[in-house]
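# Coordinate inspection notes
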Amino acid sequence: MAAADDLVVGAIDMHCHHGPDPHRVRSVDAAEAVAEAEALGLGAVVLKSHAYPTGPVAMLMQKTVQRLRVFGGICCDFEVGGLNPAAVEVALRTGARVVWMPTFSSTVDRRKLQLPGPGIALLDDAGRLLPGVEEILRLVRDHDAVVATGHVDLAEQHAVVGAARALGVRSVMTHALETLVGPDHTLADVVELADRGAMVEFTYLTCIPGGFAATEHPAVFARAMMAVGPERAIMSTDFGQDRSPHPAEGMRLFIDEMLRAGVPAAAVDLMARRNPARLLGLA
């Protein structure tokens, strides 16, 4: 795993879950996630919660490390008022660098996970983005941040990515090929979103061998990465679950997994280090 040990240095995990979490048990709290990432030599992490903005946590955690950069984010779920520009603006002013569209509050997840109540829609009856989404995208642009698609349906993802591109906003398709949450979709859908301007996120949670949430084989992931094009993709973990490796170690394992699946080291370097650095404004 020597090559993975080298490539994890400077790697960036843009999808790091942590405790405290009001809904589920996490394997690490924010302090542990950050300390372990620093120890392995990662370049940056983005702390993610489905329930609350993580920017203030990230700002405090930044004071505990020497080299690692720590960023927060906000998910536009019910817990923060849904498509709430005021909450997004406060988050962006207090350490958030990524704004996710609804995740567990999306219409897709309310149906797929049999969660109570209707989900949060992004489009009106005519298929246009709601004014609240457009305002959030302008805030993301004004704060030089990133918008991620979350768990919304494909039509909504296309609308968000298209509008983001028109505004000059960097966008990410959240955990490509993951179908336990978010919309069912194919590699062709992923490529189409990349063609529209999205950076495609591949997460280890979706392909870790024997993982409780894995829906794809690592070899399938490796081929998908190369089909999308490493210049249009990033690697993240989506870890923090109590049944998954800790996020920092998960990043190292993911890099090793993809190298063993035949992804060239130069491609891994792009997806794990250079592309996320550009997204976060670090390069």
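Preceding block: the structure.
Residues numbered from 1 in each chain as written. Predicted model: local features only at pLDDT ≥ 70, side-chain atom pairs only at ≥ 80, totals over all residues. Heavy atoms only, no water.

## A look at helix α9 (residues 218–228)
Regarding α9, the residues found buried are Pro218, Phe221, Ala222, Ala224, Met225 and Val228. Buried residues of α9, viewed axially, fall in a sector of 165°; they line one side. Looking at the packing, one finds that the buried side of α9 touches α8 (187–195), β7 (199–203), β8 (233–236), α10 (247–260) and α11 (265–279). Positive phi appears at Gly229, one or two residues downstream of α9, with a value of about 105°. (Buried < 20%, exposed > 50% of the residue type's maximum accessible area, 1.4 Å probe, protein only. Helix = DSSP H or I, 4+ residues; strand = E, 2+ residues; numbered from the N terminus. Arc of directions from axis to C-beta. Contact = heavy atoms within 4.5 Å.)

## A short note on the environment of Ala121
With respect to the helices and strands, Ala121 occurs in the loop between α5 (107–112) and α6 (131–142). With a relative accessible area of 33%, Ala121 lands in the partly exposed category. In sequence terms Ala121 and Leu280 are 159 residues apart; their C-alpha atoms lie 27 Å from each other. Not counting chain neighbours up to four residues away, the residues in contact with Ala121 comprise Leu83, Thr107, Leu130 and Glu156.

## Digging into the pattern of salt bridges
As enumerated under the stated definition, the model contains 14 salt bridges in all. For Arg26, the salt bridge is made with Asp21, and the minimal N-O distance between the two is 3.0 Å. For the pair formed by Arg26 and Asp21, the shared burial category is buried. Between Asp269 and Arg274 there is a salt bridge whose closest N-O contact spans 2.5 Å. (Salt bridge = Lys/Arg side-chain N within 4 Å of Asp/Glu carboxyl O.)

## Regarding unusual backbone geometry
Residue Pro20 is bonded to the preceding Gly19 through a cis peptide linkage, with omega at 0°. Look at His175: it is not a glycine, yet its phi comes out positive at around 25°. Mapped onto the secondary structure, His175 falls in the loop between β6 (170–173) and α8. Judged by its relative accessible area of 3%, His175 is buried. The phi dihedral of Leu177 is positive, around 70°, even though this residue is not glycine.

## Considering the environment of Ala194
Among the secondary structure elements, Ala194 is positioned in helix α8. Residues Ala194 and Met173 lie 21 residues apart in sequence; the distance between their C-alpha atoms is 8.1 Å. The residues contacting Ala194, other than those within four sequence positions of it, are Val200, Val228 and Arg232.

## Re the sheet that holds β8
Taken in spatial order, the 8 strands of this open sheet run β1-β2-β3-β4-β5-β6-β7-β8, and their pairing is parallel. Two strands close off the open sheet at either side, each with one partner strand: β1 (12–17) and β8. Each adjacent strand pair in this sheet contributes to an overall mean axis angle of 30°, direction not counted. Two elements, strand β3 (residues 69–75) and strand β4 (residues 96–100), share 4 bridges in a ladder whose sense is parallel. (Pairing = 2+ DSSP bridges. Axes fitted to C-alpha atoms, helices over the stretch in contact; angles between N-to-C directions.)

## Here's the deal with the environment of Met251
With respect to the helices and strands, Met251 occurs in helix α10. When its relative accessible area of 0% is taken as the criterion, Met251 is described as buried. The contacts of Met251, once residues within four sequence positions are left out, are Val8, Ala11, Ile12, Asp13, Leu42, Met235, Ser236, Thr237 and Ala272.

## Here's the deal with the packing of α6 against helix α7 (residues 154–167)
Taken N-terminus to C-terminus, the directions of α6 and α7 make an angle of 45°; their axes are 10 Å apart at the nearest point. Considering their axes alone, α6 and α7 lie oblique with respect to each other. In this structure, the crossing between α6 and α7 has a hand that is right-handed. Residues Val133, Leu137, Arg138 and Arg141 of α6 touch α7, and the partners they reach there are Val160, Ala163, Ala164 and Leu167. Among the residues forming the contact of α6 with α7, the class breakdown is 6 nonpolar, no polar and 2 charged. (Parallel < 35°, antiparallel > 145°, perpendicular 65-115°, else oblique. Left-handed = near helix turned anticlockwise from the far one by under 90°. Nonpolar A, V, L, I, M, F, W, Y, C, P; charged D, E, K, R; others polar.)

## Let's talk about the nonpolar core
Judged by nonpolar contacts, the single largest core of 52 residues is most densely connected at Val70, Phe202, Met225, Met235, Phe254, Ile255 and Met258. Residues within four places of Phe202 in sequence aside, it is in contact with Ala176, Leu177, Phe221, Ala224, Met225, Val228, Ala233, Ile234, Met235, Ser236 and Phe254. Within the second largest apolar cluster, 25 residues are counted, among which are Cys76, Leu83, Ala96 and Val133. (Core = buried A, V, L, I, M, F, W, Y, C linked by side-chain atoms within 4.5 Å.)

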